[in-house]
Amino acid sequence: MNSPTANTTKQRPILFAALIGLIAVSFWLILRFVLWFNVGPAQTGFAPSIAALGLGAWFDTWTLAYLITPFLILSTLLPNRWRVSKASHIIRWTLAWVIAFSLLFGVISEFIFWQEFTTRFNFIAVDYLIYTNEVIGNIRESYPVPLIMAGIGLFSLVLVLVLRKYFRFSDAPRTYKQRFAILAVAMILPTLSYNVANIDQAQATNNAYANELSGNGLFTLAAAMRRNELDYDKFYQTMDQNKADETLASLGVTRTPLTNITRHIMKANFTEKEEIGPFTRRPKNVVLISVESLSAEYLGAYGSKDNLTPNLDKIAAQGLKFENLFATGTRTVRGLDALSLGAPPIPGQAIVHRPNNDHLATVGEFMEAKGYQTYFIYGGYGYFDNMNAYFRGNDYKVIDRTDFNADEIAAENVWGVADESLFNHTLKTLDQSFAKNQPFFAHVMTTSNHRPFTFPEGRVDMPQGNRDGAVKYTDYALGKFIEDAKTKPWFKDTLFVIVADHCASVAGKTKLPVAKYHIPLIFYAPDMLAAGTYKRMASQIDIAPTLIDLVGVKGDDTFFGQSLFKAQNTPARAFISNYQELGYYKDNTLIVLSPKQKAEAFKIDPVTLDAEKTDMNQQLLDEAIAYYQTASREFKKGALKEFPPKTVVALK
């Protein structure tokens, strides 16, 4: 290694913070171009791409302001005698390697994250920092991690050695005046960054791809940590609550007070003469299967030509297929919110994640009060995403990975047991309930259609490790489950509901691309439900009230969702969202509510579901605000709670 005082014609003096800045900005710029080409320049367009590059430089600069501040502070504390020492130079070059390694690791991680979500780091990444076991396990099973880490380390080392040929760290002595100036800069930079740079500035174009490209992963991650929970009244457009209630009432959402419902659940008696839609009689049992990441576009029943879902296509042909159902969100927890609680998604974290989410007006609470054995059955570890705590707190009996014996598991990965093992265990559980002469409601959550996309060998004619193979395996497991269930004495009295928790991808040119929220829904009960098609648009939140209505449990009007077989005289609409944007889709128009009280309207092509910005429709805007504002406020004040404490004791 060169002497710290060596000064050759090749080497130029450089501050340590400047070297780190050079490495960071270079990595971030290269990543932005890689992501741009990954999406495809045609998807972003020329003008949005230029805007993305300009805004990218803006966010990179202010992220760098945070990044170099600690090193500027350390520089003011380093004594002059240490600055010229050989040990100091060795430590600084070693530290440069560590930082280069860390920055490159972040770049690779962001590229992998982009492959899954087509976004910069966001609130999902925040959750992944919490559930490190599953996430790290998923990465290890999906990618050659040791090889990647070795490559990152080697590249970083080569980079530092090359830089060392051309640069040397400045070892000029520092006066107190210089140290004070550097310290002042270290204080000013993050303060200035905090006040002039805001993640909302990334929404500069009408192209969602370009807006994501303009971001900086570290900056967006920090923003997501701050905004993981968004107070509706603080960030979104509001209206007088009395007007909101009147608006909802005009849409058929009256929301009967819960105390009036809970006093009568046990006494409610329904007759076969009452309206039960296309059913010839009421189902005694319900099995609700939420399938991981199953976009409608994968199913032949919804137009796919890839033959990935022969079993589901057969089930759809023999059951009631819902043509136009839309997921409320982009993650499993959003689907679980909608399917259990029947409420529009509230901004920030899903309700499954939040405190005070016990004894809500969920399907499980209502059915348990009527005497049903209610289950949440999951092939993974239910502490992930707080699923166990949420469902236990809402009167479901939770069965997860810890309840499976080794001889029951055909295969497993970090997310859980193979779907066929999940379904086999479900059959045993339902047999036990039937043996006790107790009706059951089971919410079953699959995992196999999730990266790393592994499953038992020999089940399907497609390789592991890709989504198409995982979709076909999940279809195999579902088909086998239905065939096995047909041999059970409880089959003829059971309604099977197959729905996705969310789509496989939500990437699109707009913030909320409607087509990316289109999911399958199939009602299957051949003994009591004729084959058919339900063409009216519906939302994931409509499934909960429909199910309790079908089995004859009082309370379907407690939900924000509509009981689908009673909803013909109310307007069709759907709710779609990410953690920040809230969408209301009705009459071929999408209203999008965003933070900073922003609202936009898009005209939706009824065939392609493509979006084009349009003038605001005040009536639809009022309806969107009424739904989202009321749902957020009622959860916050506890109005979504099911039983007052004394009533719980009395009923049980």
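Details of the structure are given in the entry above.
Now for a quick tour of the structure. The model shown is predicted, which means the values in this text are computed figures rather than measured ones.

Digging into the overall build of the protein chain
Counting secondary structure elements, the protein chain contains 23 helices and 18 strands. Expected size for 652 residues packed as a compact globule is a radius of gyration near 26 Å; at 28 Å, the protein chain falls within 12% of this value. Once the C-alpha set of the protein chain is aligned to its principal axes, its extents read approximately 95 × 60 × 50 Å. The buried share of the protein chain, taken over its 652 residues, is 58%. The contacts of the protein chain with a sequence gap of at least 6 include a subset with a gap of at least 24, amounting to 76%.

Here we look at helix 3 (residues 46-77)
Given a rise of 1.5 Å per residue, 32 residues ought to cover 46 Å, and the 47 Å separating the end C-alpha atoms of helix 3 matches this to within 8%. Where helix 3 bends most, at I68, the angle is about 35°, and the proline P70 comes one to four residues later.

What about the pairing of strand 14 (residues 574-577)?
Where burial is concerned, the two faces of strand 14 agree: the one with A574 and I576 and the one with F575 and S577 are both buried. Bridge count for strand 14 against strand 15 (residues 582-586) is four bridges, and the pairing is antiparallel. Within strand 15, the position partnered with S577 by the bridge is L582. Joining the antiparallel neighbours strand 14 and strand 15 is a turn of four residues.

Some remarks on the nonpolar core
Formed by 128 residues in total, the largest nonpolar core has its most connected members in F279, F523 and L593. Here this core gets nine residues from one element, more than from any other, and that element is helix 22 (residues 618-637). Ranked by size, the runner-up nonpolar core spans 46 residues in total, among them F71, I99, F101 and F169.

Description of the packing of aromatic side chains
Taken as a whole and judged by the stated rule, the model has 37 aromatic pairs. Between F366 and F559, the ring centres sit 5.6 Å apart and the planes meet at 55°, which makes this aromatic pair tilted. Here F559 lies in the loop between helix 21 (543-551) and strand 14 and F366 lies in helix 17 (residues 363-369), a separation of 193 residues in the sequence. With relative accessibility at 0%, the residue F366 sits in the buried group. The positively charged end of K321 is found above the aromatic ring belonging to Y302, 5.2 Å away from the centroid.

Structural notes on the sheet that holds strand 17 (residues 598-604)
The sheet built from five strands is open, its strands ordered 14-15-16-17-18 with antiparallel pairing. Since the sheet does not close on itself, it has two edges, and those belong to strand 14 and strand 18 (611-614), each with one partner. Put simply, the sheet's adjacent strands are angled 30° from each other on average, direction ignored. As judged from the six bridges shared by strand 16 (residues 589-594) and strand 17, these two strands associate in the antiparallel manner. Within strand 17, the residue paired with S594 across the bridge is K598.

Describing the packing of helix 1 (residues 16-39) against helix 3
Each packed pair of helices is defined by two parameters, the angle between the axes and the distance between the axes. Put simply, helix 1 and helix 3 touch, their axes get as near as 9 Å, and they point 150° apart. Taken together, the axes of helix 1 and helix 3 lie roughly antiparallel to each other. Judged by the twist between their axes, the crossing of helix 1 over helix 3 is right-handed. Contact residues: helix 1 offers F16, A17, I20, G21, A24, V25, W28, L29, R32, F33 and W36, while helix 3 offers S49, A52, L53, G56, A57, D60, T63, L64, L67, I68, F71 and L72. Grouping the constituent residues of the contact of helix 1 with helix 3 by class yields 17 nonpolar, four polar and two charged.

Details of the environment of I90
Position of I90 relative to the elements: it lies in helix 5 (residues 86-117). The class for I90 is partly exposed, based on a relative accessible area of 35%.

What about a nonpolar patch on the surface?
Side chains of L95, W97, V98, L154, L157, V158, L161, V162 and Y166 sit close together on the surface and give an oily, nonpolar patch of about 760 Å² of accessible area. Among the elements of the structure, helix 5 and helix 8 (145-166) are those that each provide at least two residues to the nonpolar patch. When residues of the nonpolar patch are assigned to their parent elements, the largest contribution, six residues, is made by helix 8. By relative accessible area, which is 45% here, Y166 ends up partly exposed.

Criteria and thresholds
- Residues numbered from 1 in each chain as written.
- Predicted model: local features only at pLDDT ≥ 70, side-chain atom pairs only at ≥ 80, totals over all residues.
- Heavy atoms only, no water.
- Helix = DSSP H or I, 4+ residues; strand = E, 2+ residues; numbered from the N terminus.
- Rg over C-alpha atoms; globule rule 2.2 N^0.38 Å.
- Buried < 20%, exposed > 50% of the residue type's maximum accessible area, 1.4 Å probe, protein only.
- Contact = heavy atoms within 4.5 Å.
- Expected span 1.5 Å × (residues − 1).
- Bend = angle between axes of the 7 residues up to and from the residue.
- Pairing = 2+ DSSP bridges.
- Core = buried A, V, L, I, M, F, W, Y, C linked by side-chain atoms within 4.5 Å.
- Phe/Tyr/Trp six-rings, centres within 6.5 Å; stacked < 30°, edge-to-face > 60°.
- Lys NZ or Arg CZ within 6 Å of the ring centre and 35° of its normal.
- Axes fitted to C-alpha atoms, helices over the stretch in contact; angles between N-to-C directions.
- Parallel < 35°, antiparallel > 145°, perpendicular 65-115°, else oblique.
- Left-handed = near helix turned anticlockwise from the far one by under 90°.
- Nonpolar A, V, L, I, M, F, W, Y, C, P; charged D, E, K, R; others polar.
- Patch = residues over 30% accessible without salt bridge, like charges linked within 9 Å, V, L, I, M, F, W, Y side chains within 5 Å.
- Areas by Shrake-Rupley, 256 points an atom, 1.4 Å probe, with all protein chains shown as cover.
- Salt bridge = Lys/Arg side-chain N within 4 Å of Asp/Glu carboxyl O.

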